[in-house]
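Structural features, examined
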Amino acid sequence: MNTIRIGPVADAEATQSLGGALARAVGPGCRIYLHGELGAGKTTLVRGFLRALGHRGAVKSPTYTLMEAYALERGPVYHLDLYRLADPEELEYLGLRDLEGPGVVLLVEWPEQGGGSLPGADLDVAIDYADGGRRVALTARTAVGEQLLALVHLAGDPRHF
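Residues numbered from 1 in each chain as written. Predicted model: local features only at pLDDT ≥ 70, side-chain atom pairs only at ≥ 80, totals over all residues. Heavy atoms only, no water.

Think of an α-helix as turning once every 3.6 residues; residues three or four places apart then point the same way. Across its 14 residues, helix α1 (residues 12-25) extends 20 Å between first and last C-alpha, which sits within 8% of the 20 Å expected from 1.5 Å per residue. Here α1 has its buried residues at A14, T15, L18, G19, G20, A21, L22, A23 and A25. Where α1 begins, the capping side chain belongs to D11, and its oxygen is found 3.3 Å from the backbone nitrogen of E13. (Helix = DSSP H or I, 4+ residues; strand = E, 2+ residues; numbered from the N terminus. Expected span 1.5 Å × (residues − 1). Buried < 20%, exposed > 50% of the residue type's maximum accessible area, 1.4 Å probe, protein only. Polar contact = N/O pair within 3.5 Å; in protein donor to acceptor, adjacent residues only side chain to side chain.)

Put into structure tokens, the structure is as follows:
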């Protein structure tokens, strides 16, 4: 389990830049779980991720819909926000099992709300308030996550995001 710590990340633009770096490094079939308080920047990071993959439309938090799907050239990306999930069994109604598959990228905010119903993360992204900005920790949980961390690290000094 390898971790890269980044910070302080100064603003929304820097958070989106970090999301873009993750998108450029991610391969098909990856699960990224985002942790942090309300307003910490989870959706902002996802916005940068999706824009780097070519999405040009709005990127809003799926707080009420629970999931937004994006059909992108590199493959499908599903953005889930489980903050309002009342019971982990509700994930069955979303068809979470149908989202697993080759080429699918899952970005999940508030994964702890899913209890044991979610598959394991390849990469955990923890965003915390710190020093007038944000501090981010990227933790690999699988070999896919380790590869993603290595590629992000090779992309440049992560303190510059």
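We now examine the sheet that holds strand β2 (residues 30-36). Strands sit in the order β1-β7-β6-β2-β5-β4-β3 across an open sheet of seven strands; the sheet is mixed. Across the chains shown, the open sheet's two edge strands, defined by having one partner strand only, are β1 (3-9) and β3 (67-72). Taken over all neighbouring pairs, the strand axes of this sheet differ in orientation by 15 degrees on average, direction set aside. In the sheet, strand β6 (residues 123-130) pairs with strand β7 (residues 133-140) via eight bridges, with the strands oriented antiparallel. In the strand pairing of β7, Y129 is matched with R134. (Pairing = 2+ DSSP bridges. Axes fitted to C-alpha atoms, helices over the stretch in contact; angles between N-to-C directions.)

Across the 11 residues that make up helix α2 (residues 42-52), a large majority, eight, are buried. Along α2, the positions that sit buried rather than exposed are K42, T43, T44, L45, V46, G48, F49 and L50. Looking at the buried side of α2, the elements it contacts are α1, β2, β3, β4 (75-81), β5 (105-109) and β6. The positive-phi residue at the C-terminal boundary of α2 is G54, with phi of around 105 degrees. (Contact = heavy atoms within 4.5 Å.)

One way to put it is that α1 packs onto α2 with a least axis distance of 6 Å and a crossing angle of 50 degrees. Classified by the angle between their axes, α1 and α2 sit oblique to one another. Between α1 and α2 the crossing geometry is right-handed. In this structure, α1 contributes A12, T15, Q16, L18, G19, G20, L22, A23 and R24 to the contact, and α2 contributes T44, L45, R47, G48, F49, R51 and A52. Residue composition of the contact of α1 with α2, by class: seven nonpolar, six polar and three charged. (Parallel < 35°, antiparallel > 145°, perpendicular 65-115°, else oblique. Left-handed = near helix turned anticlockwise from the far one by under 90°. Nonpolar A, V, L, I, M, F, W, Y, C, P; charged D, E, K, R; others polar.)

Let's shift gears to the environment of A143. Topologically, A143 is positioned in helix α5 (residues 143-154). Looking at A143, the relative accessible area reads 63%, which means it is exposed. Note: C-alpha distance between A143 and G48 (95 residues apart in sequence) is 24 Å.

A few words on the environment of L85. If you trace the backbone, L85 turns up in the loop between β4 and α3 (91-94). It is 9.9 Å that separates the C-alpha atoms of L85 and P111, two residues lying 26 residues apart in sequence. Leave out the neighbours within four places in its chain, and L85 touches L66, E90, L91, Q113 and G114.

The full count for this structure, using the stated rule, is three salt bridges. In this structure, R31 engages D122 in a salt bridge whose closest nitrogen and oxygen atoms are separated by 4.0 Å. Of the two residues, R31 is situated in strand β2 and D122 in the loop between β5 and β6; the sequence distance between them amounts to 91 residues. The same class applies to R31 as to D122, namely buried. For E68, the salt bridge identified is with K60, shortest N-O distance 3.7 Å. (Salt bridge = Lys/Arg side-chain N within 4 Å of Asp/Glu carboxyl O.)

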